[in-house]
Amino acid sequence: MMETSNEKKLTSRRRFLQKSAVALGGLYIVPRRVLGGSGFVAPSDKVTMGFIGPGKQGVGLTKRFMGIDEVQFLAGADVNSKHLLRFQDQVKAYYSERNGASYNSCDIYEDYEDLLARQDIDAVIIASPDHWHAAHTIHAAEAGKDIFCEKPLSHTIAQGRAMVDAVKKNGRVLQTGSMQRSAEGFRKAVNLVRSGYLGEIKEVKVAVGDPAVPCELPTEDLPDYINWEKWVGPSKMRGYHSEICPRLDQKGWAMWRKYEEYGGGILADWGAHMFDIAQWALDMDSSGPVKISPPGTAGEFMTFEYANGIKMTHEVFGRGWAVRFIGAEGSLDVSRKFLDSDPASIAKMELKEKDKVAYHSDNHYKDWLGAVKDRSEPICSAETGHRTATICHLGNITYDLNRELTWDPVKEKFDDAEANKMRDYKERKGFKV
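Residues numbered from 1 in each chain as written. Predicted model: local features only at pLDDT ≥ 70, side-chain atom pairs only at ≥ 80, totals over all residues. Heavy atoms only, no water.

**Some words on the packing of helix α10 (residues 265–281) against helix α12 (residues 382–401)**
Defined as follows: Axis definition: a line fit to C-alpha positions, over the contact stretch in the case of helices; interaxial angles, taken between N-to-C directions, run 0 to 180 degrees. We count a stretch as a helix when DSSP gives it H or I for four or more residues in a row; a strand needs E for two or more, and each element gets its number in order from the N terminus. For classification, angles of less than 35 degrees are called roughly parallel, those exceeding 145 degrees roughly antiparallel, those between 65 and 115 degrees roughly perpendicular, and all remaining angles oblique. Note: crossing handedness is left-handed where the near helix turns anticlockwise from the far helix by less than a right angle, and right-handed where it turns clockwise. Two residues form a contact once any of their heavy atoms are found within 4.5 Å.
In contact at an axis separation of 9 Å, α10 and α12 are set at 120° when each is read in the N-to-C sense. On the basis of their axis angle, the class for α10 and α12 is oblique. For the pair α10 and α12, the sense of crossing is right-handed. Counted together, L267, A268, G271, A272, F275, D276 and Q279 of α10 and T384, R387, T388, I391, C392, G395, N396 and Y399 of α12 form the full contact between these two elements.

So this is what it looks like as structure tokens:
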């Protein structure tokens, strides 16, 4: 795609900044005019940001992060030029109004590698479709950027482990966007479960949507503002369809998430929220189940069984997308709309000093930024996000094969050769990580 005059200007500026950084021995100083006027925060206290994949989800994420004084957006990258221009306009408008002066320091790129090459960017947000998460995250880690990656963290089990390894190897801080961990109701539910107010946990029900299916949509005319070759990227090439990559004037969410070529179904899209809460409450953030059974084998519903005997089902139980914990002394339901229990007194319990209290975060985005500055683990680290995504992948694989599978959460392997092959897929030539 031909580079526009604006892109040429921005590319030249990037090269100048990189040369300046080299001249300074690798030390990059962000100018005061870039960081803003009133409400000025010293460069040493700023986290300069780039955004990879600022689509529909990106509008809200950009607004949330711009509202944090320590954050400064400097660039965005996307294969959809209209998404890019919308992002750029959003950033310019916000900082111009906040600073009382025109803001023109938000560059845009079609190639995310150009964004990652900038030495003046400390961290990146990744909100691309799931099938791009691994490449974007691994390359960001290798470029020395800290990462906020939307959920589910990975598209396959093997990609998830590679992402964790890259983050660890390069000393980066990654936050997975499973933001329910930073919500009071979910945190209280986890604390009540961990502190024994339900008694010994016997069963967990997780209500989320359907598993992924193959994409068999017909081909539509491609809008001229989308680079379809790069949108498909590592996945299998197929023709464009507006359901999986909507035009800008379409309402609703892009439904690439329904299809196995690009996502993990609504099972993974919402499972990265609800299975995540179950994993957290069961203290399984570094582990997972040991057996997965499809419907009709161990019971009516897909069942995950942990080594301690707790069973977790993928089961809609009439309360929307939610989690139900069932213990020897009662049950507790939690979702974004409610936290209640049977008996009702359990949900109303006030926690005591002796109780087992989970990591406390009131703001998922500030929690990550704090971890970036402290070089510490945030509430939903790469390992945690990977383990939650793995639950979703295990479910999809078991639904596909329709047979009981044994899983080793330490080795991250099945006892089944065909299932083991499904832990990853062959990436398209030219897009291998």
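**Topic: the packing of helix α8 (residues 184–194) against α10**
Convention followed: Residues are grouped as follows: Ala, Val, Leu, Ile, Met, Phe, Trp, Tyr, Cys and Pro are nonpolar; Asp, Glu, Lys and Arg are charged; all remaining types, including Gly, are polar.
Where α8 meets α10, the axes come as close as 9 Å, and the angle between the chain directions of the two elements is 35°. α8 and α10 meet at a crossing whose hand is right-handed. Here α8 contributes F186, R187, V190, V193 and R194 to the contact with α10, which in turn contributes M274, I277, W280 and A281. Its residues assigned to classes, the contact of α8 with α10 comprises seven nonpolar, no polar and two charged.

**Section: the sheet that holds strand β1 (residues 47–52)**
Our working definition: Any two strands between which DSSP finds at least two bridges are classified as paired.
If you walk across this open sheet you meet the six strands as β3-β2-β1-β4-β5-β6, and the pairing is parallel. Of all the strands in the sheet, just β3 (107–109) and β6 (174–176) have a single pairing partner and so form its edges. Across this sheet, the average inter-strand angle for adjacent strands is 20°, counted without regard to direction. Pairing of β1 with strand β2 (residues 71–77) involves six bridges; the strand directions are parallel. Bridge pairing in β2 links M49 to F73.

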